[in-house]
Amino acid sequence: MKLSLEHPDLTRQFAQTEGISAAKPNEYRFKNDGQRWSVLYDSKHISLNHSDGMIYIAYLLKHPNKPFHVRDLYAISNPQSGSPQADRYSDMSGDDLASEGLFLDNASRHTDKIDDAQLIADYRHSLLELECKFEDAQRNGRCCEAEALQMRLNALRRLMSREFGLDGMPRRTGDPNKQAYDCISKAIKRIFKSIQCEHATLAAHLKNSIHYETYTYHYSPDHSIPWDV
């Protein structure tokens, strides 16, 4: 006996199949909306500040079960650097450098008008002073001062990166893989802590699904999740 498409058994079977295969749009979301990230999991929505940690996690969610070396993962949020060392020698405008007592005088890697080693030493000294002032302002709740110092820090790093470039920068001793891992692990742990406060279920899922093995990270959940990233 032939069954018509209107037969209740076929209708029920079709509906069940559809329920399994059709992923509900936006049921799982981890998207950057500019300065904030919109995150949806287990029918609960939270909003988080933009950070490198969010970039790393989003990239892992977008590529489930695929391992990424820490240096490749680091480069995703730092495309100009390519390595964690480069961030330590980033740039700033000439006026900003002058205000810190550093004068490039048109110096670059192609000129000998200035002693590069001495400039780097002066730069690192100024950077350390700014970092100490920034941490003190943050610790004592001087938000406006901290924000201004953060801008000066970023500008100083950018300028030095431009003037000396990655190839001309002094290297810090140590394994670059370890340095990349340190940056990434700290960034991801900060995100786990932030999510834990607002969405414990999601925090548990990410902690159980994002794995680290010998300088590689991978997101391997127990079951497939159609993340909108």
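Everything below is about the structure printed above this text.
Residues numbered from 1 in each chain as written. Predicted model: local features only at pLDDT ≥ 70, side-chain atom pairs only at ≥ 80, totals over all residues. Heavy atoms only, no water.

Chemist: Looking at this structure, how should I read helix H3 (residues 70-77)?
Modeler: Every α-helix winds through 3.6 residues per turn, so residues three or four apart in the chain are directed the same way. Looking only at H3, the buried set comprises Val-70, Leu-73, Tyr-74 and Ser-77. The buried residues of H3 occupy an angular sector of 100° when the element is viewed end-on, so they sit on one face. (Buried < 20%, exposed > 50% of the residue type's maximum accessible area, 1.4 Å probe, protein only. Helix = DSSP H or I, 4+ residues; strand = E, 2+ residues; numbered from the N terminus. Arc of directions from axis to C-beta.)

Chemist: What is the right way to read the packing of helix H8 (residues 176-198) against helix H9 (residues 200-209) from this model?
Modeler: What describes two packed helices is the angle between their axes and the distance between those same axes. Two elements in contact, H8 and H9, have axes whose closest approach is 6 Å; the angle formed by their N-to-C orientations is 145°. Contacts between H8 and H9 involve Phe-192, Ile-195, Gln-196 and Glu-198 on the former and, on the latter, Ala-200, Leu-202, Ala-203, Leu-206 and Lys-207. Residue composition of the contact of H8 with H9, grouped by class: six nonpolar, one polar and two charged. (Axes fitted to C-alpha atoms, helices over the stretch in contact; angles between N-to-C directions. Contact = heavy atoms within 4.5 Å. Nonpolar A, V, L, I, M, F, W, Y, C, P; charged D, E, K, R; others polar.)

Chemist: What am I meant to see in H8 here?
Modeler: The end-to-end C-alpha distance of H8 is 34 Å, a good match for the 33 Å that 23 residues give at a rise of 1.5 Å each. Within H8, the full set of buried residues consists of Asn-177, Gln-179, Ala-180, Ile-184, Ser-185, Ala-187, Ile-188, Ile-191, Phe-192 and Ile-195. (Expected span 1.5 Å × (residues − 1).)

Chemist: What am I meant to see in the packing of aromatic side chains here?
Modeler: Between two aromatic rings, the relevant description is the distance of the centres plus the angle of the planes. One pass over the structure, following the stated rule, counts eight aromatic pairs. Judged by centre distance (6.2 Å) and plane angle (85°), the ring pair of Phe-30 and Trp-227 falls under edge-to-face. Remark: Trp-227 occurs in the segment after strand S6 (216-219) and Phe-30 occurs in strand S1 (residues 29-32); sequence separation between them is 197 residues. Here Tyr-212 and Tyr-217 contribute two aromatic rings whose centre-to-centre distance is 5.1 Å and whose plane-to-plane angle is 50°, an arrangement assigned as tilted. Look at Tyr-212 and you get partly exposed, because its relative accessible area is 33%. Using a relative accessible area of 7% as the deciding quantity, one classes Tyr-217 as buried. Through pairs of rings, three or more aromatic residues link up here, namely Tyr-28, Phe-30, Trp-37, Tyr-41 and Trp-227. (Phe/Tyr/Trp six-rings, centres within 6.5 Å; stacked < 30°, edge-to-face > 60°.)

Chemist: I tried to follow the pattern of salt bridges on my own but got confused; where do I start?
Modeler: Under the criterion given, the structure shown has five salt bridges. Across the pair Arg-142 and Asp-136 runs a salt bridge whose closest N-O atoms are separated by 2.7 Å. According to the relative accessible area criterion, Asp-136 is partly exposed, its value standing at 28%. A residue is classified by how much of its surface remains accessible, and Arg-142, at 31% relative accessible area, is partly exposed. Taken together, the salt bridges that share partners define one network made up of Asp-136, Arg-139, Arg-142 and Glu-145. (Salt bridge = Lys/Arg side-chain N within 4 Å of Asp/Glu carboxyl O.)

Chemist: So what exactly am I meant to see when it comes to the pairing of strand S2 (residues 36-41) here?
Modeler: Regular strands have side chains that alternate between both faces of the sheet. The element S2 is largely enclosed, with a buried count of five among its six residues. Here S1 folds back onto S2, and the loop between the two strands holds three residues, one of which, Gly-34, carries a positive phi near 115°. (Pairing = 2+ DSSP bridges.)

Chemist: Which parts of the structure should I look at to understand the nonpolar core?
Modeler: Side chains of nonpolar character tend, in soluble globular proteins, to be buried together. Counting residues in each nonpolar core, the largest one holds 33 residues, and the members touching the most others are Phe-30, Ile-57 and Trp-227. Phe-30 has contacts with Trp-37, Ser-38, Val-39, Met-54, Ile-57, Ala-58, Leu-61, Trp-227, Asp-228 and Val-229, leaving out every residue within four places of it along the chain. With nine residues, the next largest nonpolar core counts Leu-127, Ala-137, Ala-146 and Leu-156 among its residues. (Core = buried A, V, L, I, M, F, W, Y, C linked by side-chain atoms within 4.5 Å.)

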